[in-house]
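Structural description and commentary
What follows is each chain in one-letter form.
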Amino acid sequence: MIIKIKDLDVFYKNIHALKKVSVSIENGKIIGLVGGNGAGKSTMIKSITGLVPIKNGKIFFNDRDITRLDSASIARLGISTVPEGRRLFAPMTVQDNMNLGAYLRFKNEKKKDIEKDIKKIFELFPRLMERKNQTAGTLSGGEQQMLAIARALMAKPKAILMDEPSTGLAPLIAKEIFKVIKSLKNRGYTILLIEQSARMALKISDYAYVLESGKIVLKGKASDLLKDESVQKAYLGV
Ligand code: ATP
């Protein structure tokens, strides 16, 4: 396991947002975490990346306890986020947004190597390549999501945490984004995919967890969860 989360408890004052949550993220896999509004999905990402205080429980990255590390140190270890709402720098160009994703690397790596990586990532996202000098704020929703993913890749991550990448996208565009995510797995990336769109997330995930009111209520192979009657009723509109 590249990331192991054990019995996590997170509170916002008196709101118990995560209740003894345990999740394992296996190297080279897509792990889905699905759940409705307010289930605690974003809190999971914030917990892993050091953005909320953890009351109980532990988080391990490659067997190292990172529970109390600050977010900059966690990022430096190779955990990269594609945040909810993309959080791009709208007035900056596509290329500059991508460079920002590599900011931790500029200190220790040659500019040439980073430029090589940009080239490789542009090959994955030809639409971004065509728009590299366009400002991020003028991209379509789908293109912005691709840029948010491309920026995360620029950090050379060992694990990528994606917070609701389909939010606000038309179904066809969302489908395209999920295809991109799956292709990343095929290239060896490890992904935690947090989603309200359970069907699409389960279709591309290897293993998945269902979160309800801060608790994991179901877990299993994603293909099994897709067939599970309670999941179908609660999340798939069957
Ligand atoms: P959504 O899909 O709607 O974004 P989510 O599953 O990501 O929801 P979280 O954002 O993790 O859910 O929120 C979990 C619970 O914690 C909710 O009840 C929410 O109201 C509460 N919460 C989240 N952030 C805060 C905060 N900063 N202060 C107080 N309560 C919070």
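Reference entry: report on the structure contained in this document. Along each chain, the written sequence defines residue order, and numbers are assigned to residues from 1. Thresholds applied to this predicted model are a pLDDT of at least 70 for local features of residues and 80 or more for the giving and counting of side-chain atom pairs; totals over whole chains, interfaces and linings are not thresholded and use all residues. In computing side-chain values, all of the structure's heavy atoms are included and hydrogens and water are not.

With that settled, the discussion passes to the site of the ligand. Working definition: residue near molecule or strand if any one of its non-hydrogen atoms lies within 4 Å of it. Surveying the vicinity of the ligand reveals 14 residues, the closest of which are Asn37, Gly38, Lys41, Ser42 and Thr43. One nitrogen or oxygen atom from the main chain of Gly38 is found 2.8 Å from an oxygen atom belonging to the ligand. Pairing of N or O atoms within 3.5 Å defines a polar contact, subject to two protein rules: one partner must be a possible hydrogen donor and the other a possible acceptor, and residues neighboring in sequence count only if both atoms are side-chain atoms. Within the backbone of Ala39, one N or O atom sits 3.1 Å away from an oxygen atom of the ligand. We get accessible surface area from the Shrake-Rupley algorithm with a probe of 1.4 Å; when it comes to residues, only the shown protein chains can shield them. In the complex, 62% of the free accessible area of the ligand, which totals 640 Å², lies under the protein chains. Note on conventions: DSSP H or I runs of at least 4 residues are helices, E runs of at least 2 residues are strands, and numbering of each starts at the N terminus. Mapped by element, the contributors of at least two residues to the shell around the ligand are strand E2 (15-25) and helix H1 (41-48). Put simply, Ala, Val, Leu, Ile, Met, Phe, Trp, Tyr, Cys and Pro go in the nonpolar bin, Asp, Glu, Lys and Arg in the charged bin, and everything else, Gly too, in the polar bin. The class makeup of the residues in the shell around the ligand is 4 nonpolar, 7 polar and 3 charged.

Attention shifts here to the sheet that holds strand E1 (residues 3-12). The 4 strands lie next to each other as E2-E1-E4-E5, forming an open sheet whose pairing is antiparallel. If you trace the sheet from one side to the other, it starts and ends with E2 and strand E5 (64-65), each paired once. Note on pairing: DSSP must find at least two bridges between two strands before they are called paired. The sheet contact formed by E1 and strand E4 (residues 56-61) spans 5 bridges and is antiparallel. Looking at the pairing, Lys6 lines up with Lys58 of E4. Packing against the sheet, H1 makes contact with E1, E2 and E4, and its axis sits at approximately 115 degrees to E1. The contact criterion used is simple: two residues touch if any of their non-hydrogen atoms lie within 4.5 Å. The convention used is that axes are lines fitted to C-alpha atoms, helices contributing only their stretch in contact, and that angles between N-to-C directions extend from 0 to 180 degrees.

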